[in-house]
Structures are given as C-alpha cells and as structure tokens.
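# Summary of structural features
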Amino acid sequence: MAVYWATEVFPIAVTALLPVMLFPMTGLMTGKAVSMTYITDSSMLFVGGLIMAAAVEHWNIHKRIALKLLLIIGTEPTRLMIGMMLPSWFLSMWTSNIATTAMMCPIADALLKELQKGESGTSEDGCEEEELTNVNLKQLDPCETDLDTEIAVDSMRQEEGHMTSLQTKSAPSKEHIQLAKAMTISIAYAANIGGTTTITGCASNIILKGLADEIFHERGLTSPISFGTWLVLGFPVSLLIFFALFLWLTLYFRGCSCFKKKKGNSEGIRDFVKKEYKALGPVTFPEVMVIVLFVILVTLWVSRDLGGAGGWGNLFKKKYVTDSAAPTLVSALLFLIPANLPAFFKSKNRPLSVKPLLTWRVVHDKVPWGLFLLFGGGFALAQGCKESGLSESIREALTVFQDLPVWVTSLLVALLTSFITEVVTNTATCTLVLPIIAQLALGIGVNPLYLMIPTAVATLYAFMLPVATPPNAMVYVLGYFSMSEMIRAGCIMNILSVLILTLGVNTWGAEYFSLRTLPVEFSDLELTTVMSFNNSVTMAT
C-alpha cells in the first residue's frame, strides 16, 4: 500500500480499499472486522465539518469575508501580501485549504490585473518580455490529485473558472512579477498553515484524532484530543508560524520595489475590491443563518470538553457524546431551515416551494468523499499491524531511540515527515507514518501523543514542491514561480515551521496534554518492551 500510495498506481482512495480484500484472504482479519474500521467517530466529525464548509462556500460567505478583510487591511502594495495571507489562513481553519486557495487565487489574479493596468506605459525598458497566463482552478480532491504537475494543469484547464487571463499588450515589469510571486505563494503557504489550527481543518488532524482515540480506548482511557483542547496547541503554533511566514517572505523579497506605495495603483485596486464586494449585494437571510449556525457549531465544539473544567458533554453519559455530535446536529439544521423563510411571512407572493439552506446536490459536489476511504484504509492498516504482531516487532526494533532526549526525537520525526511529504501526498504520509510513530513512542516508553502530534501536523508543513500539497500545485501552475524558486522559498519555511511546532509541543503543549507522563494503563506495554529488550541483550551476550 505504501508503494501504491507513493506512486499512485491506483487513485489513493482505491488503494485504501485493498485491506478489505487482502486481510480476509490472508486470514489476518475477517471481512466484517476490517469493514468496521472504515467509518469511525473521527470520520463522522470530518463529514459534519465539511458539510458546514460546503454551506459557507455555497453562499459565498468565504468570498465576502476575504474581500472585507482586504478593504480593512488596505490595498497598498505593502499590505497586499498580508491581505492575501490573513483570509487564506483564517478560512482554511474552517474550510479545506484546497477550497480556500481556489477562491483566493482568482481574487489575487484580478488585483494583479488592476495593478498591471496602472503600470501600463510605465514599465522599465530593461524588463524581460514575458507573457503571464493564468489557468483556471478547480477544487481538487486530495484523493484524486496526480503527482504529475502537467496532468494537474491539464485537468484544471478543462473546467471553467473565475480567473481571467493576464495577457496584455505590454510586458509586466519585474516589480509586478515579484509582487505576483509574493501574493500567490503567500496564499498557498497560509492555507497550509491555517489548516493545522483546528482539529477539522485538515485530514492529517482527523487521522491523528482517530488513531489517538483508538489507542487510548484500548486502554480504557479517553483521548485528550478534542476540538476545544486542540486549539490550546494548534492556534498559538499556527499564529507563530503565520508571523514567521510573513517575516520570511518579506525578507525573501527584500529590496523589491514592488512593495513601494503607489497612490494611483492603490486607489484603483481599492475601487476594484469595493466593486467586487458591492457585486455580492447586501447580506441575505441564508448568509446570516449559515453564519449563525457556524458560530453555534464552533461554540458547541469548544464548550463540549474544556479540558478538565467541565463542558456540556458532562450532561450525558460518560464517553457517549463526542465532537461528532455537534456537526451532525448543525448539518441537519442546514437541510431543514428554509433559505426563503422570510418570504413565507409576506401576505402576498408567498413562495410555493421550500428551498433549504443546503441541498444534497451541493454537498455531493463539494465534499471530497474519497478522503473517508483513505481514513478507513489507514485505520484498517493500523488494526492489521496490531493483529499480525507487526506493531510489537516495530516497537521492539525502535527501542534504539530510547537513549535520545524525547524533544530531539520529536524534532527528528517532524522534520523527516515534513520532507517525506514533499514527494508523497500529506494524507497518505500521515496514514502510513503515524501508526509507526505511535509504536516508536510506546517502544521508548513515552506518551504516544508526544510524537504523534508533531508527526501529523508536520505533514502540512511541506512548502517546497508542487506535489506536496494541492495549494502548492495550484499556485505553481499559475506560472510565476519556477521549481528552483519554489524550493528556495519553501525550504526555509519547512525548517522554521518544524522548529516552532517542536517548541510548542515541548512547552505549553507538553504541560497541557501531560505529554511527559505515560499513563499507568500503558505501563504493561513499557514493561513488556523493556523485558523483551533485556532478553535480546542477554541472548546476544
């Protein structure tokens, strides 16, 4: 499966189905037992989150937020980059980083076009003749993303999008090209970073929660990872990396006159943003209701488990109500509340039919259903490793790391995972590597979350190559960046992100989640590993 996921011989969602066939045929697990691993509580949590995100996208709330933030931040060239980064970072916490990038890139493209209009006739004589043509973007399913960038470009060009071509009679100036690079790359990087902020922000976090729930449940424990508790670690780390990204990109494009304030261009861009925002029209009843339901959902998520301080989850039987309950309730309301409800209170011209806030057709088209098969394949693979005894073998083999400080081990696994993800999709990397890292942690006698958290989060910190994440590919095909330029810009971000993540995990993260303490329920595993290791040493002697 690792080879198939890495090479994409089959679509990775299809590869994830192989355990259903192979495990029963080899006598490892029954077909019923394998199939039961494919839908878990974490999967249902992700379903609810994506349905909410589909509603936000359907009513263009994400676009309204992005344009409003641009107007607030300002449209001077010095502020355009942060104006692209902030909406991308915030929106990707709640919607997929793919959808966020697909929405922000057309906005950046239109702003760049307005800038180039203002520069026409003032370009430097020595600038290179270069024609910039932007291709259309679509929301790529991570389970259908081909590692070949050319194939991804072709598939994007087949769909009609909102982006316009930047073909102009006059060649763009060097400063314009540099600004285009800064704006577009900041969108992809900020979307990747924002996805790690919440537990539902990216597939890797869901895989982490699902595996952690399983490991702790086997010992009669409740996993400390929930939507509310994750924010304690995820939000500060994401915020710090966001600032590091802004500083690094500003430094990377240092000395570039593209960031100099140009009054005429700034006013033209602001007028354009105002026009686009006005084109959305006034805030409608469906938008208000979706925002209200979104706020209710986040409130329910955060307040269910306040990390030992109680929460509404305590009103029910212990361990029965989880984070998947809130999005399921809100999702049902999206299909129940009429979008044209105010019209029913009119005395005349009442509508004859009821149209809900969200229809199943919209959900069917916007939700990447292949991800759930990928989750299930990973959970099935982890269960197969346990049933076959491979987990014990891995645990014993990895005891060589027990002499290293734990913080060094967490740094190494995060750094290694980050660079592996450059050539293998982040969801596949997390699915493959996380069960091994869990066994490594248990093998050296530390809390499994101590190594699992940095491993899962680091799969989003792959900024060097287009194949690493869909946002990287979507920005690369715009044509502003060469491969070498993207590697240079992304390599430093890989390292900075992992260092900040390691700092967060080993400071306030370790204290809040008690990562430095291995629960007593895991003590028998530690004892078994130590005895097995000592026996091996004795036999060798």
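Parameters and conventions
Residues take numbers from 1 onward in each chain, read along the sequence in its written order. Since the coordinates come from a predicted model, pLDDT governs what is reported: local features require at least 70, and pairs of side-chain atoms require 80 or more to be given and counted, while whole-chain, interface and lining totals use all residues. The basis for every side-chain value is the complete set of heavy atoms in the structure, and neither hydrogens nor water enter the calculation. Runs of H or I in DSSP of at least four residues are treated as helices and runs of E of at least two as strands, each being numbered from the N terminus. Only protein chains enter the accessibility calculation, which uses a 1.4 Å probe. A residue is then buried if its area is under 20% of the maximum for its type, exposed if over 50%, and partly exposed in between. Every residue pair with non-hydrogen atoms within 4.5 Å of one another is taken to be in contact. All accessible areas in this document rest on Shrake-Rupley with a 1.4 Å probe, and a residue is counted as covered only by the protein chains that are shown. Whenever a helix is involved, its axis is fitted only over the stretch in contact; in every case the axis is a line through C-alpha atoms, and angles between N-to-C directions fall within 0 to 180 degrees. Convention used here: angles under 35 degrees read as roughly parallel, angles over 145 as roughly antiparallel, angles from 65 to 115 as roughly perpendicular, and any remaining angle as oblique. Put simply, a crossing is left-handed when the front helix is turned counterclockwise from the back one by less than a right angle, and right-handed when it is turned clockwise. Under the scheme applied here, ten amino acids are nonpolar (Ala, Val, Leu, Ile, Met, Phe, Trp, Tyr, Cys and Pro), four are charged (Asp, Glu, Lys and Arg), and all others, including Gly, are polar. A helix is expected to span 1.5 Å for every residue after the first. Salt bridge, as applied in this entry: a Lys or Arg side-chain nitrogen positioned within 4 Å of an Asp or Glu carboxyl oxygen. Pairs of N or O atoms within 3.5 Å make up the polar contacts considered here, provided that, within protein, one atom can donate a hydrogen while the other can accept it, and that residues adjacent in sequence are counted only when both atoms are side-chain atoms. Only residues above 30% relative accessible area that lack a salt bridge enter a patch, with like-charged residues linked at up to 9 Å and the nonpolar side chains Val, Leu, Ile, Met, Phe, Trp and Tyr linked at up to 5 Å. By convention, a stacked pair of Phe, Tyr or Trp rings (six-membered ring in the case of Trp) has centres within 6.5 Å and planes under 30 degrees apart, an edge-to-face pair has planes over 60 apart, and any other such pair is tilted. How sure the predictor is of each residue is captured by pLDDT, a score from 0 to 100.

### A few points about the overall build of the protein
For the protein, the helix and strand inventory stands at 24 helices and zero strands. Across the 541 residues of the protein, 55% fall into the buried class. Long-range pairs, those at least 24 residues apart, make up 81% of the contacts in the protein between residues at least 6 apart in sequence. Counting every atom, the protein has about 23,500 Å² of accessible surface; 63% of that belongs to carbon and sulfur.

### Observations regarding the packing of helix α11 (residues 203-218) against helix α20 (residues 426-443)
The interhelical angle for the contact between α11 and α20, taken along N-to-C directions, is 25 degrees, at an axis separation of 9 Å. Compared by their axis directions, α11 and α20 come out roughly parallel. The two elements α11 and α20 meet at a crossing, and its hand is right-handed. Across the interface between the two elements, A203, S204, I207, L208, L211 and I215 from α11 touch N426, T427, C430, T431, L434, P435 and A438 from α20. Looking at the contact of α11 with α20 residue by residue, the classes come out as nine nonpolar, four polar and no charged.

### Side note on the packing of α11 against helix α17 (residues 370-388)
Following both chains from N to C, one finds α11 and α17 inclined at 35 degrees, their axes separated by 11 Å at the closest point. α17 is crossed by α11, and the crossing has right-handed handedness. Seen from α11, the contacting residues are A203, I206, I207, G210, L211, E214 and E218; seen from α17, they are L371, F375, F379, A382, Q383 and K386. Across the contact of α11 with α17, the residue classes tally to eight nonpolar, two polar and three charged.

### Points about helix α6 (residues 61-73)
Spacing of three or four residues puts side chains on the same side of an α-helix, whose turn is 3.6 residues. The terminal C-alpha atoms of α6 lie 18 Å apart, and with 13 residues this matches the ideal 18 Å at 1.5 Å per residue to within 8%. Backbone geometry just downstream of α6 places G74 in the positive-phi region, at approximately 115 degrees.

### Some words on the pattern of salt bridges
By the definition in use, this model includes nine salt bridges. Here R361 and D365 are joined by a salt bridge, their closest N and O atoms 3.9 Å apart. Within this pair, R361 and its partner D365 are both found in helix α16 (residues 360-366), separated by four residues, close to a single helical turn. With a relative accessible area of 56%, R361 lands in the exposed category. Of the residues examined, D365 reaches a relative accessible area of 54% and is grouped as exposed. Measuring nitrogen to oxygen at the nearest pair gives 2.7 Å for the salt bridge that ties E511 to R516. Linked through salt bridges whose partners overlap, the residues forming this network are D41, K209 and D213.

### Let's talk about the side chain of N472
Mapping N472 onto the fold places it in helix α22 (residues 470-476). N472 gets classed as buried once you look at its relative accessible area, which sits at 0%. Here the side chain of N472 touches N192 through a polar contact of 3.2 Å, side chain to side chain. Leave out the neighbours within four places in its chain, and N472 touches A188, Y189, N192, A462, F463, M464, L465, P466 and M486.

### Section: a nonpolar patch on the surface
On the surface, V3, Y4, V9, F10 and V14 cluster together into a nonpolar patch covering about 430 Å² of accessible area. By the secondary structure assignment, V9 is in the loop between α1 (2-7) and α2 (12-15). Its relative accessible area of 51% is what places V9 among the exposed residues.

### Some points on the side chain of S410
By the secondary structure assignment, S410 is in helix α19 (residues 406-420). Classification of S410 by relative accessible area gives buried; the value is 1%. In terms of polar contacts, S410 uses its side chain to reach the side chain of N506, at 3.4 Å. Setting aside residues no more than four positions away along its own chain, S410 makes contact with Y450, L451, P454, T502 and N506.

### Structural notes on the packing of aromatic side chains
A full pass over the atoms with the stated rule returns 18 aromatic pairs. Plain terms: the ring middles of Y189 and F463 are 4.8 Å apart, the flat faces sit at 70 degrees to each other, and that makes the pair edge-to-face. Here the residue Y189 occupies a position in helix α10 (residues 174-194), and F463 occupies one in the loop between α21 (448-458) and α22, the gap between them amounting to 274 residues. For Y189, a relative accessible area of 0% gives the class buried. Judged by its relative accessible area of 0%, F463 is buried. Geometrically, the ring pair formed by F335 and W360 is tilted, given 6.3 Å between the ring centres and 40 degrees between the ring planes. Of this pair, F335 sits in helix α15 (residues 325-336) while W360 is found in helix α16, placing the two residues 25 residues apart along the sequence. A connected cluster of aromatic rings, assembled from ring pairs, spans F46, F335, W360, W369 and F372.

### With respect to the confidence of the model for the protein
Close inspection of predicted coordinates is inappropriate in any region flagged by low pLDDT. This prediction gives the protein a mean pLDDT of 79; 80% of its residues lie at or above 70. Confidence, read as mean pLDDT per element, is least for helix α9 (residues 149-157) in the protein (39) and greatest for α21 (94). Under a pLDDT of 50 for its full length, residues 144-169 has, in the predicted model, 53 contacts with residues more than four places off or in other chains. Contacts for the low-pLDDT stretch residues 526-541, under 50 throughout, to residues beyond four places or in other chains number nine contacts.

### Some details on the environment of L411
By secondary structure assignment, the location of L411 is in helix α19. Judged by its relative accessible area of 19%, L411 falls in the buried class. Sequence separation of L411 and T455 is 44 residues, and the distance between their C-alpha atoms is 9.0 Å. The contact partners of L411, leaving out residues within four places of it in the chain, are V498, L499 and T502.

### Quick word on the environment of E276
Mapped onto the elements, E276 comes out in helix α13 (residues 263-279). When the C-alpha atoms of E276 and K63 are compared, they prove to be 9.7 Å apart, with 213 residues separating the residues in sequence.

### Considerations on α11
Between its first and last C-alpha, α11 extends 23 Å over 16 residues, near the 22 Å set by a 1.5 Å rise per residue. Taking burial as the measure, the 16 residues of α11 include 12 buried ones, the bulk of the element. A203, S204, N205, I206, I207, L208, K209, G210, L211, A212, I215 and F216 are the residues of α11 that are buried. In this structure, the buried side of α11 is in contact with α5 (41-58), α12 (227-252), α17, α20 and α21.

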